[in-house]
Amino acid sequence: MRKSLLVKEIYDGLRTRLNFELVAGSSGFYKRIESYRIQKPGLALAGFLEHVHTERVQVFGETEISYLFSIGDEGERRVNDFFSLGVACVLVTKGLDFPNYIAQLAEKHSTVILRSPVVSSECIEVVSDYLEDRLAPEASLHGVLLDVFGVGVLIVGESGIGKSECAMDLVYRGHRLVADDMVIVKRKRDVLWGTSPVRIQHLMEVRGLGIVDVRELFGVSSIRDRKRVDLVVELARADGAKEADRINFADAYYDILGVRVPYVVIPVTPGRNITLLVEIAAKLFLLKKSGYRGVFAEKLLLEDEVDGRGVE
Amino acid sequence: MKREKVVVSNRYGIHARVAATIVKEASKYKSDIYIEKVDDGMRANCKSILGLLALGASKGTILNLEVDGEDETDAFEAMKQLFESGIEENE
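As the structure is a computational prediction, the values presented were derived from the model and not from experiment. (Residues numbered from 1 in each chain as written. Chains lettered and ligands numbered in written order. Predicted model: local features only at pLDDT ≥ 70, side-chain atom pairs only at ≥ 80, totals over all residues. Heavy atoms only, no water.)

### Considering the side chain of Glu36 of chain B
Where we set the bar: A helix here means a DSSP run of H or I that spans at least four residues, while a strand means a run of E at least two residues long, and both kinds are numbered starting from the N terminus. Note on definitions: a residue-residue contact is assigned when non-hydrogen atoms from the two residues lie within 4.5 Å.
In this structure, Glu36 of chain B sits in strand 2 (residues 32-37). With near-sequence residues (within four places) excluded, Glu36 of chain B lies in contact with Arg3, Gly41, Met42, Arg43, Ile62, Leu63, Asn64 and Glu66 of chain B.

So this is what it looks like as structure tokens:
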């Protein structure tokens, strides 16, 4: 499903940040913006109306406005042609004064005209950032997200397997909690960002102790508001269907919102120090990222065996 | 899998005590039991108290109740009845 935002939502969301003034066309508030990218419609105003993206925010900066003034009455026709394509929203930057016909045409075509005192480059940055964040594909996952040695580790596994206990132990050892139980993951480009639902931020449930506030217990350095998801660690019952990989030749991946995230399965049996294993998994991730190819490539096999056949 | 809409009928919505009751009931069954807010698609595992609290479901919120597993028929009836009864608030 393609996500989109109402122009009204963008207006409300950025009103304070960009000091928006609603100039005209509020009947267009129901129109939708579907891309985080903005468009500068210079050529469209010069009469070339192809490739106009009505579902993007159109930015009128100094160039557009001074061009319209320079062509006099002809400008009204051009703007009319442009708006009649169904343009959802125009943002006039730098607090510029614009030709009077723009407001009338905006009412006629239900194009929302906003004005901000902020300069174009900054407006574009703020609007794209905001839209990218709001339009990003999102999923809520059952698990715990922590920052372990700077690696964003998502711990998953069935209810009661000990995810929260393991996470609490990690926090106790100085790692940082992002979210327990429910993790909101957003995809931006090819990067996944995890946060906690606001209502349960910094909270953890530990069976027997109830719900505890990690920030209160361990201090501000024990939590983080958001973190990249770098690695998925699944805690699995040792008697479950998943056979433990004794060699770990091939890299495994876990799919989240279409992004392949490195993935390891840790079988849980009595006496295993799960916390330690998660720490080691994070360290291995760091090693691999820095170019280490694993013990087989580095020590146990001949070079040509690694590069050539059969190791996949 | 069984799936049906239920409405939160408690005066104060799914707050901590209510969530605890839901978790207690859901944990009696092997099936996976989820509720999902119809308006924003947020999903919570009924066996997890924090997930339920994260929803912030107030009175009148419409939820999809989803039960999947070997004892889904019993679990579904029990959960549905729990929501419809308004969930005991004075335990």
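There is more to say after this.
### Describing the side chain of Ser120 of chain A
Residue and element names in this part refer to chain A. The following threshold applies: Only protein chains enter the calculation, and the probe is 1.4 Å; a residue is then buried if its accessible area is under 20% of its type maximum, exposed if over 50%, and partly exposed in between.
The residue Ser120 is located in helix 6 (residues 120-135) in this model. The class for Ser120 is buried, based on a relative accessible area of 17%. Discounting residues that sit within four places of it in the chain, Ser120 has contacts with Lys40, Val59, Gly61 and Thr93.

### With respect to the pairing of strand 19 (residues 259-268) of chain A
A regular strand places its side chains so that they alternate between the two faces of the sheet. Residue and element names in this part refer to chain A. Convention followed: Whether two strands pair comes down to DSSP finding at least two bridges between them.
Bridge count between strand 17 (residues 231-237) and strand 19: 6 bridges; the pairing is parallel. The residue of strand 19 that forms the bridge with Arg237 is Val268. Relative to strand 19, strand 18 (residues 253-256) is paired through 4 bridges, and the arrangement is antiparallel. When the bridges of strand 19 are listed, Tyr254 appears paired with Val261. Two successive antiparallel strands, strand 18 and strand 19, enclose a turn made up of 2 residues, where Leu257 displays a positive phi of approximately 50 degrees.

### Re the environment of Ala179 of chain A
Residues and elements named next belong to chain A. With respect to the element layout, Ala179 can be found in strand 11 (residues 176-179). For Ala179, a relative accessible area of 1% puts it in the buried group. For the pair Ala179 and Ser128, spaced 51 residues apart in sequence, the C-alpha to C-alpha distance is 27 Å. The residues touching Ala179, leaving out its near neighbours within four places in the chain, are Gly143, Val144, Leu145, Thr195 and Ser196.

### Examining the interface of chain B and chain A
As a reminder, the rule being used: Put simply, buried area is how much 1.4 Å-probe accessible surface two parts lose in total, over both of them, once they are put together. We define a salt bridge as a side-chain nitrogen of Lys or Arg found within 4 Å of a carboxyl oxygen belonging to Asp or Glu. The definition of a polar contact used here is a pair of N or O atoms within 3.5 Å, where within protein one atom must be able to donate a hydrogen and the other to accept one, and adjacent residues in sequence count solely through side-chain atom pairs.
Chain B puts 13 residues into the contact, and the matching count from chain A is 15 residues. Between chain B and chain A, a total of about 1,100 Å² is buried, with carbon and sulfur atoms accounting for 66% of that surface. Applying the counting rule to chain B against chain A returns 0 salt bridges. Our enumeration of links across chain B and chain A arrives at 4 residue pairs in polar contact (both at pLDDT 80 or more). Elements represented by at least two residues in the side of chain B that touches chain A include exactly strand 3 (43-45) and helix 2 (49-55) of chain B.

### Let's talk about the nonpolar core
Soluble globular proteins tend to bury their nonpolar side chains together. The cut-off we apply is this: By nonpolar core we mean a set of buried residues, namely Ala, Val, Leu, Ile, Met, Phe, Trp, Tyr and Cys, connected to one another through side-chain atoms within 4.5 Å.
One finds Ile14, Ile22 and Phe83 of chain B to be the most contacted residues of the largest nonpolar core, which totals 35 residues. Broken down by secondary-structure element, the contributors of at least two residues to this core are strand 12 (182-188) of chain A together with helix 1 (16-26), strand 2, helix 2, strand 4 (62-68) and helix 3 (72-84) of chain B. Setting aside residues up to four positions removed in sequence, Ile22 of chain B forms contacts with Ile14, Cys46, Leu52, Met79, Leu82, Phe83 and Ile87 of chain B. With 27 residues, the next largest nonpolar core counts Val153, Val171, Ile223 and Val278 of chain A among its residues.

### Let's talk about the sheet that holds strand 8 (residues 138-142) of chain A
Residue and element names in this part refer to chain A. The line we're drawing: Axis angles are defined between N-to-C directions and span 0 to 180 degrees, where every axis is a line fitted to C-alpha atoms and, for a helix, only to the segment in contact.
The 4 strands lie next to each other as 8-12-13-16, forming an open sheet whose pairing is antiparallel. Edge positions in the sheet fall to strand 8 and strand 16 (226-228), since each of these pairs with one other strand and no more. Mean inter-strand twist for the sheet, computed between neighbouring axes without regard to direction, equals 30 degrees. The pairing of strand 8 with strand 12 spans 5 bridges and is classified as antiparallel. Looking across to strand 12, one finds that His142 is bridged to Met182.

### Points about the pattern of salt bridges
Any two side chains of opposite charge can pair, on the condition that their charged atoms come close. Residue and element names in this part refer to chain A. Going through the model one piece at a time under the given rule, you end up with 26 salt bridges over all chains. Two residues, Glu64 and Lys40, come together in a salt bridge whose shortest N-O distance is 3.1 Å. Taken as a pair, Glu64 in helix 3 (residues 62-70) and Lys40 in the loop between strand 4 (38-39) and helix 2 (42-45) lie far apart in primary sequence, 24 residues in all. Owing to a relative accessible area of 35%, Lys40 belongs among the partly exposed residues under this scheme. A salt bridge links Glu62 to Lys94, with the shortest nitrogen-to-oxygen separation between them at 2.6 Å. Taken together, the residues Glu62 in helix 3 and Lys94 in the loop between strand 6 (89-92) and helix 5 (101-109) connect sequence positions 32 residues apart. Assessed through its relative accessible area of 41%, Glu62 is described here as partly exposed. In this structure Lys94 comes out as partly exposed when scored by relative accessible area, which is 42%. Each of Glu74, Arg77, Arg78 and Asp81 takes part in a single network of salt bridges with overlapping partners.

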